[in-house]
Amino acid sequence: ISGYDAQKNIYTTTHTFAGSGTFKITVEDPNRNGGVINIGGGSGSDQQPFCIASEIVISPFLGANNSVIFSDCPCPEYACGNTKYCYNPQAFDPDGDSLSYRLVACLGFGCNSMAVPLVYQYPDNYGGTISIDPTSGTLCWDSPSLLGEYNVAILIEEWRSGIRIGSVLRDIQITVLGNCNNDPPVISDVKDTCIVAGDNLSFTVIATDPNAADLVTLTGNGSPFSVSNNPASFSTAQSTSPVSSSFAWQTDCSHIRLAPYEVYFTATDNGSPVQLSDFKKINITVLAPAPTGLVATPSSGIVNLTWDKSFCNSA
C-alpha cells in the first residue's frame, strides 16, 4: 500500500450454505510483528498469527443482508507519545442496518483467544486510557506513554429490528512514536439532521488546527456518497487553519428509508513525524413527504379519510 510498509491481500471464493444458521468466515495469516507490546509483553508476538473474522446470520425472517463497508484503509496507524490519538474505521451498512462498536481482544491460532503466556492486554494497561464510542465507532487513546507497537481489535456488530444479524472484526496496529510536539485538528460540531425526500441538503464543515502552520486535509465518506441515484458530494479541501468544504445532497424518493445514513468527516494534519486526525460522524435521515390534500368526511358513524397520491410511489 503506497506510503505504508504494508500490502493488501484479497481472497475471493464462492460458498453455498446448506441452510439457515450463524456462520463465521475467518482469515488467519502468520504471523504478527515481533515486539508487539500488548501481546506477551512484547515477547513472542511474532509466533502468534493475525486473525480476522466476519459473522453471517442466515434466516428467512431477516431478508437479504450485506456486510459492513469500510471507507478507511486498515493501514498501520501512528500515534504520538503523551498526546491524544483517535481513529475511526468509517463503517457504514448498505442495507441501513444499525451498527455498534466495541473493543475486543485480538485473536490468535484458530481465531481463538491467545494462549498463555501470550495473553492479550488492552493498550491502556501500558499507559493512558483507551475507549471507543459505541455508536460513532471513534476510538481514542488518551494518552499513550510507552513507545512501541500495539495491536487493537474492533468488533462492529449489525442490528436489524433489535436482532443481531452479523459482525465484522477489524484488527489494526498502532505504533506510538516519541513526543511529536503536534496537536490534532478539530472539526467544528455538526448536528444530526433529517430532510424530506426531494429537498436539497447543504452545509459547511470547518476544521481548525492549534498549530497554525500545519496543512490540514478535510475529507468526507459514508453511505450518501455510494447511493446509485443522486449521490452526495463533498470536495476534499486542504489548507492551513481554518479549512472548510461544503456537503451537498439533492435527495429523491429512492433515498427514503427508516435507518439514517452515516457520514464521516476527517481532518488530518501534516505534522511530523506523526499526522494526527479528528473525526465527526453525523446521521442524515431521509423522510417520505407528508400527505397532502387531507379530507375527512363523516358518514354513518365513521369518517372517511382521503389524501393526494404521493409523488414518492414507494413511500
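Because the structure is a prediction, the values reported are computed rather than measured. (Residues numbered from 1 in each chain as written. Predicted model: local features only at pLDDT ≥ 70, side-chain atom pairs only at ≥ 80, totals over all residues. Heavy atoms only, no water.)

What about the packing of aromatic side chains?
When we look at a pair of aromatic rings, we describe it by the centre distance and by the angle of the planes. Note the following rule: For Phe, Tyr and Trp, rings pair up if their centres lie within 6.5 Å, where Trp contributes its six-membered ring, and each pair is then called stacked (planes under 30 degrees apart), edge-to-face (over 60) or tilted (otherwise). Here the term buried applies to any residue with accessible area under 20% of the maximum for its type, exposed to any over 50%, and partly exposed to those in between, with areas from a 1.4 Å probe on protein chains only. Segments assigned H or I by DSSP are reported as helices when at least four residues long, segments assigned E as strands when at least two residues long, and all are numbered from the N terminus.
Overall, the coordinates contain 10 aromatic pairs when judged by the stated rule. Geometrically, the ring pair formed by tyrosine 120 and tyrosine 122 is edge-to-face, given 5.5 Å between the ring centres and 85 degrees between the ring planes. A residue is classified by how much of its surface remains accessible, and tyrosine 120, at 11% relative accessible area, is buried. For tyrosine 122, a relative accessible area of 32% translates into the label partly exposed. Aromatic side chains phenylalanine 203 and phenylalanine 265 sit 6.1 Å apart centroid to centroid with 85 degrees between the ring planes, which places their arrangement in the edge-to-face category. Of the two residues, phenylalanine 203 is situated in strand β14 (residues 200-208) and phenylalanine 265 in strand β19 (residues 261-269); the sequence distance between them amounts to 62 residues. Each member of the pair, phenylalanine 203 as well as phenylalanine 265, carries the same accessibility label: buried.

Side note on the side chain of glutamine 173
To be explicit about the condition: Residues adjacent in sequence count toward polar contacts only when both atoms are side-chain atoms; beyond that, a polar contact is any pair of N or O atoms within 3.5 Å, and within protein one must be able to donate a hydrogen and the other to accept it. Residue contacts are counted whenever heavy atoms from the two residues lie within 4.5 Å of one another.
Along the chain, glutamine 173 falls in strand β11 (residues 163-177). Side-chain polar atoms of glutamine 173 contact the side chain of asparagine 33, separated by 2.9 Å. The residues contacting glutamine 173, other than those within four sequence positions of it, are Asn33, Pro76, Glu77, Glu149, Tyr150 and Asn151.

Digging into the pairing of strand β7 (residues 98-104)
The condition that has to hold: Between any two strands, at least two bridges found by DSSP are needed for them to pair.
With 5 of its 7 residues buried, β7 lies for the most part within the structure. Pairing geometry for β7 and strand β10 (residues 148-160), over 7 bridges, is antiparallel. Its bridge partner lying in β10, leucine 99 is registered against glutamate 158.

What about the sheet that holds strand β15 (residues 215-222)?
Quick reminder of the rule: Note on definitions: angles span 0 to 180 degrees between N-to-C directions of axes, and those axes are lines fitted to C-alpha atoms, for helices only across the stretch in contact.
Judged by pairing direction, the sheet is mixed, and its 5 strands sit side by side in the order β13-β20-β19-β15-β17 without closing on themselves. Edge positions in the sheet fall to β13 (193-196) and β17 (237-240), since each of these pairs with one other strand and no more. Averaged over all neighbouring strand pairs, the angle between strand axes comes to 25 degrees, with direction disregarded. Where β19 and strand β20 (residues 277-287) come together, 8 bridges link them in antiparallel fashion. Of the residues in β20, the one forming a bridge with alanine 267 is aspartate 278.

What to know about the nonpolar core
Inclusion rule: Nonpolar core, defined: a set of buried Ala, Val, Leu, Ile, Met, Phe, Trp, Tyr and Cys residues in which side-chain atoms within 4.5 Å join the residues together.
If you look at the biggest cluster of nonpolar residues, it comprises 35 residues, and the most contacted ones within it are Tyr101, Leu139, Val152 and Ile154. The leading source of residues in this core is β10, at 6 residues. Sequence-distant contacts of tyrosine 101, that is, excluding residues within four places in its chain, are made with Pro89, Ala91, Ile132, Asp133, Pro134, Thr135, Ser136, Gly137, Ile154, Leu155, Ile156 and Tyr264. Ala207, Val216, Ala232 and Val243 belong to the second largest nonpolar core, which has 25 residues in total.

Structural notes on a nonpolar patch on the surface
Rule in force here: Each patch is built from salt-bridge-free residues with over 30% relative accessible area, joining like charges within 9 Å and nonpolar side chains (Val, Leu, Ile, Met, Phe, Trp, Tyr) within 5 Å. In this description, accessible areas are obtained by the Shrake-Rupley approach with a 1.4 Å probe, and a residue is regarded as covered only by the protein chains that are shown. A pairing counts as a salt bridge when a side-chain nitrogen of Lys or Arg comes within 4 Å of a carboxyl oxygen of Asp or Glu.
On the surface, Leu294, Leu305 and Trp307 cluster together to form a nonpolar patch covering roughly 350 Å² of accessible area. Along the chain, leucine 294 turns up in the loop between β20 and β21 (295-299).

Comments concerning the sheet that holds β14
The antiparallel open sheet is built from 4 strands, whose spatial order is β12-β14-β18-β16. Since the sheet does not close on itself, it has two edges, and those belong to β12 (186-187) and β16 (233-234), each with one partner.

Here we look at the side chain of arginine 257
This is how it is decided: His is not counted here, nor are the chain ends, while Lys and Arg score as positive and Asp and Glu score as negative.
Its place among the elements puts arginine 257 in the loop between β18 (243-250) and β19. Here arginine 257 occupies a buried position and makes no salt bridge, while the nearest side chain of opposite charge, glutamate 262, is found at 4.2 Å. Side-chain polar atoms of arginine 257 contact the backbone oxygen of proline 260, separated by 2.8 Å.

A closer look at the pairing of β15
Side chains Val216, Leu218, Gly220 and Gly222 project from β15 onto a buried face, and the interleaved Leu215, Thr217, Thr219 and Asn221 project onto a face without burial. Two strands pair when backbone bridges link them, and β15 and β17 are joined in this way by 4 bridges, in the antiparallel orientation. Bridge pairing in β17 places valine 216 opposite serine 239. Examined bridge by bridge, β15 and β19 share 7 bridges and lie antiparallel to one another. Opposite valine 216, over in β19, you have aspartate 269 as the bridge partner.

What about the pattern of salt bridges?
Evaluation of the coordinates by the stated rule reveals 8 salt bridges. Aspartate 189 serves as the salt-bridge partner of lysine 191, at 3.0 Å between the closest nitrogen and oxygen. For lysine 191, a relative accessible area of 61% puts it in the exposed group. Taking the relative accessible area as the measure of exposure, aspartate 189 reaches 53% and is therefore exposed.

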